[in-house]
Amino acid sequence: GIQVEQSPPDLILQEGANSTLRCNFSDSVNNLQWFHQNPWGQLINLFYIPSGTKQNGRLSATTVATERYSLLYISSSQTTDSGVYFCAVKQTGANNLFFGTGTRLTVIP
Amino acid sequence: DVKVTQSSRYLVKRTGEKVFLECVQDMDHENMFWYRQDPGLGLRLIYFSYDVKMKEKGDIPEGYSVSREKKERFSLILESASTNQTSMYLCASSDPGQGAIGELFFGEGSRLTVL
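Cut-off values and rules
- Residues numbered from 1 in each chain as written.
- Chains lettered and ligands numbered in written order.
- Predicted model: local features only at pLDDT ≥ 70, side-chain atom pairs only at ≥ 80, totals over all residues.
- Heavy atoms only, no water.
- 1 Å grid on protein atoms, 1.4 Å probe; cavity = no way out; pocket = protein on both sides within 12 Å on 5 of 7 lines; lining within 4 Å.
- Points joined across faces, edges and corners; volume = space filled by probe spheres on them.
- Helix = DSSP H or I, 4+ residues; strand = E, 2+ residues; numbered from the N terminus.
- Nonpolar A, V, L, I, M, F, W, Y, C, P; charged D, E, K, R; others polar.
- Pairing = 2+ DSSP bridges.
- Axes fitted to C-alpha atoms, helices over the stretch in contact; angles between N-to-C directions.
- Salt bridge = Lys/Arg side-chain N within 4 Å of Asp/Glu carboxyl O.
- Buried < 20%, exposed > 50% of the residue type's maximum accessible area, 1.4 Å probe, protein only.
- Contact = heavy atoms within 4.5 Å.
- Buried area = accessible area lost by both parts, 1.4 Å probe.
- Polar contact = N/O pair within 3.5 Å; in protein donor to acceptor, adjacent residues only side chain to side chain.

Some remarks on the layout of surface pockets
- The volume enclosed by the largest pocket comes to roughly 470 Å³.
- Along its surface, the largest pocket is lined by 23 residues, and Gln37, Val84, Phe86 and Arg104 of chain A together with Gln37 of chain B are the ones closest to its centre.
- Among the elements of the structure, strand 9 (83-91) and strand 11 (103-108) of chain A together with strand 4 (31-38) and strand 9 (87-94) of chain B are those that each provide at least two residues to the lining of the largest pocket.
- Of the residues that constitute the lining of the largest pocket, the class distribution is eight nonpolar, 11 polar and four charged.

Set out below in structure tokens:
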């Protein structure tokens, strides 16, 4: 099956700092999503981005499908950004989303 | 906004009990999914459904069954709960998009403890 690697596994930031989270995948995909899991366990949909670039407020994401990676940018981080960020992909021809192991972000005041 | 509602946030059950986890979505989505999340193992798909009365096994269906009698409701059933089914259970829904999965929206999760 497809391999999905997220880096870094853990990240600690001072409030106000910027960060870049990376998702590498091992095969062609036609679906890629970024999620934020808050401390209460809910997964919040951030971006549906199988290719290209999108922005939503302080967050933006870029997927370069031909090079098999996606990046999530967080600018001017806030303590509420803390949690685990997951990348999930679907291989072309498959019928299941496969989740990476996540990046745990801690933003300290 | 899409809303996916799971019936219970926290449940405690005894080994051997029958457990029902309910999930309702209000956006007329065709697809619904049940995942479980465990430390070190990430999210794993249990079952999914592309239509009413239709179900497909995911990666870890053993010990579980599902029911989708109405489009908005997808139930996960543990016929005889065991301690290794202690986990966080997450329901999601989506409209078919490219590749027939589309963009997933998750409920708040149900944390099940089996004693």
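After that view of the structure, there is still more to cover.
Details of the sheet that holds strand 8 (residues 69-74) of chain A
Residues and elements named next belong to chain A.
- Pairing within the open sheet is antiparallel, and its five strands lie in the order 1-3-8-7-6. If you trace the sheet from one side to the other, it starts and ends with strand 1 (4-7) and strand 6 (52-56), each paired once. Neighbouring strand axes in the sheet, compared pairwise and without regard to direction, differ in orientation by 15° on average.
- Examined bridge by bridge, strand 7 (residues 59-64) and strand 8 share six bridges and lie antiparallel to one another. Bridge pairing in strand 8 places Thr62 opposite Leu71.

Re the pattern of salt bridges
- Scanning the entire structure with this criterion turns up eight salt bridges over all chains.
- Residue Asp81 of chain A pairs with Arg58 of chain A through a salt bridge whose shortest N-O separation is 2.9 Å. With Asp81 of chain A in the loop between strand 8 and strand 9 and Arg58 of chain A in the loop between strand 6 and strand 7, this pair connects stretches of sequence that are 23 residues apart.
- According to the relative accessible area criterion, Arg58 of chain A is partly exposed, its value standing at 26%.
- With its nearest N and O atoms 3.5 Å apart, the salt bridge here joins Lys18 of chain B to Glu79 of chain B. Highlighted residues: Lys18 of chain B in the loop between strand 2 (10-13) and strand 3 (19-25) and Glu79 of chain B in the loop between strand 8 (73-78) and strand 9, separated in sequence by 61 residues.

Topic: the pairing of strand 2 (residues 10-14) of chain A
All names here are of chain A.
- Going residue by residue along strand 2, you find Leu11 and Leu13 tucked away on one face and Asp10, Ile12 and Gln14 left uncovered on the opposite face.
- In the sheet, strand 2 pairs with strand 11 via five bridges, with the strands oriented parallel. Its bridge partner being in strand 11, Leu13 is matched across the sheet by Val107.

Quick notes on the interface of chain A and chain B
- Counting residues at the interface gives 18 residues for chain A and 20 residues for chain B.
- Summed over both sides, the interface between chain A and chain B buries roughly 1700 Å², with carbon and sulfur atoms accounting for 52% of that surface.
- The tally of links between chain A and chain B comes to zero salt bridges.
- Run the count over chain A and chain B and you get nine residue pairs in polar contact (both at pLDDT 80 or more).
- At the level of secondary structure, the elements contributing two or more residues to the side of chain A that touches chain B comprise strand 4 (29-37), strand 5 (43-48) and strand 9 of chain A.
- A total of five residues in the side of chain A that touches chain B trace back to one element, the largest contributor, which is strand 4 of chain A.

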